[in-house]
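The chain contents come next:
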Amino acid sequence: MALKVKVCGLKEPARIEQAAALGAAYVGLVFYPPSPRYVDPARARELVLHVPAGVETVGVLVDATDAEIDAILQTVPLDILQLHGYETPERVEAIALRSGCRVMKAIRVEEAADLEQVPAYIEAADMILFDAKPPRDAGWPGGHGLPFDWRLLRGLGLGKPWALAGGLHAGNLETAVTLTGAPIIDVSSGVEAKPGVKDPEKLEAFFAAVRRIADRAAP
Ligand SMILES: O=C(O)c1ccccc1N[C@@H]1O[C@H](COP(=O)(O)O)[C@@H](O)[C@H]1O
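Please read all numbers here as calculations on a predicted model, not as lab measurements. Each chain carries its own residue numbering, running from 1 in the written order of its sequence. Reporting in this predicted model follows two pLDDT cut-offs: at least 70 for local features of residues, and 80 or more for side-chain atom pairs to be given and counted; totals over whole chains, interfaces and linings ignore these cut-offs and use all residues.

K.L.:
Could you clarify how one ought to interpret the pairing of strand β3 (residues 56-61) in this entry?
P.N.:
Each regular strand carries side chains that alternate between the two faces of the sheet. Here the C-beta atoms are placed from the backbone, and a residue counts as buried if at least 20 other C-beta atoms lie within 10 Å of its own, exposed if 12 or fewer do, and partly exposed otherwise. Elements are defined by DSSP. Helices are runs of H or I of four residues or more, strands are runs of E of two residues or more, and each kind is numbered from the N terminus. Of all the six residues making up β3, five are buried; the element is thus mostly covered by neighbouring parts of the structure. If DSSP finds at least two bridges between two strands, the strands pair. Where strand β2 (residues 26-30) lies against β3, five bridges are found, and the strand directions are parallel. Residue pairing in the sheet places Tyr26 in a bridge with Glu56 of β3. By convention, a crossover is right-handed whenever its connection, traced from the first strand over the helix to the second and viewed with the strands pointing away, goes clockwise. Considered for its hand, the β-α-β crossover made up of β2, helix α2 (residues 41-47) and β3 is right-handed. One ladder, built from four bridges, connects β3 with strand β4 (residues 80-83); its direction is parallel. Counterpart to Gly59 in the pairing with β4 is Leu81. Considered for its hand, the β-α-β crossover made up of β3, helix α3 (residues 66-75) and β4 is right-handed.

In structure tokens form, the structure reads like this:
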């Protein structure tokens, strides 16, 4: 199966168009104000006009209330909601039901014990995302360019789509995919010049690494 790519934290139409042209399956918009990648719903509504058919738009939320989610969805059409906070399995299920969107639950990984919570989310979420645990004093919970020990995901049999995030970049992608077998990869800061500013050359290099993995896997 082809490796699917999500490019997250996009804020510029040109970078959305570039990511899509390079082959991104998903583009992510961050709706968490403390993040340097935050876009407000009005801006997001303009940005999604640049997402071509066939590419799905993911809204990144952190412990958002129903009112906040309703306000976003009334303004911006989203395909998937990425829940990157401390949402319980019950909350994930409730958000999926209320929003009508598919939901992807982010799991913060540092050690094997962090994976014990995963079974509780399997029924509730449509997709699982494994990301590194953020630094304790971070003002937002993702996009810090931190990898975790990918060996923890070896042999993962979820029976559900899942994505790997956390510190991926062109230089480490092949090792990450080889060790984890991830079917979906999610990148943000690894294709940035600085937090919140995507770098066109790093995006090119990242997708070149994706193509090398695909070529290597081809018979
Ligand atoms: O990127 C952010 O600012 C962000 C804010 C709030 C929640 C999640 C966020 N990002 C997520 O972090 C990972 C990837 O990060 P990186 O490649 O290590 O920089 C990805 O899932 C983003 O959606």
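K.L.:
When you look at the sheet that holds strand β1 (residues 4-7) in this model, what are you seeing that I'm missing?
P.N.:
The strands that make up a sheet pair up through hydrogen bonds in the backbone, lying either parallel or antiparallel. A barrel is described by the order of its strands in space; here eight strands give the closed sequence β1-β2-β3-β4-β5-β6-β7-β8, paired in parallel fashion. Averaged over all pairs of adjacent strands, the angle between their axes in this sheet comes to 25 degrees, without regard to strand direction. Every axis in this analysis is a line fitted to C-alpha atoms, fitted for helices over the stretch in contact. Angles between the N-to-C directions lie between 0 and 180 degrees.

K.L.:
For this particular structure, what's the right way to read the site of the ligand?
P.N.:
Using the backbone to place each C-beta atom, any residue with that atom within 6 Å of a molecule or strand is considered near it. In the neighbourhood of the ligand, 29 residues make up the surrounding shell, with Ser35, Gly142, Gly143, Ser188 and Ser189 lying closest. Of all the secondary-structure elements, those providing two or more residues to the shell around the ligand are β2, β6 (127-132) and β8 (184-187). Counted by class, the shell around the ligand contains twelve nonpolar, 14 polar and three charged residues. Note that Gly is not counted as nonpolar here; it falls among the polar residues with everything else outside the nonpolar set of Ala, Val, Leu, Ile, Met, Phe, Trp, Tyr, Cys and Pro and the charged set of Asp, Glu, Lys and Arg.

Function cannot be read off these values alone, since they describe shape.
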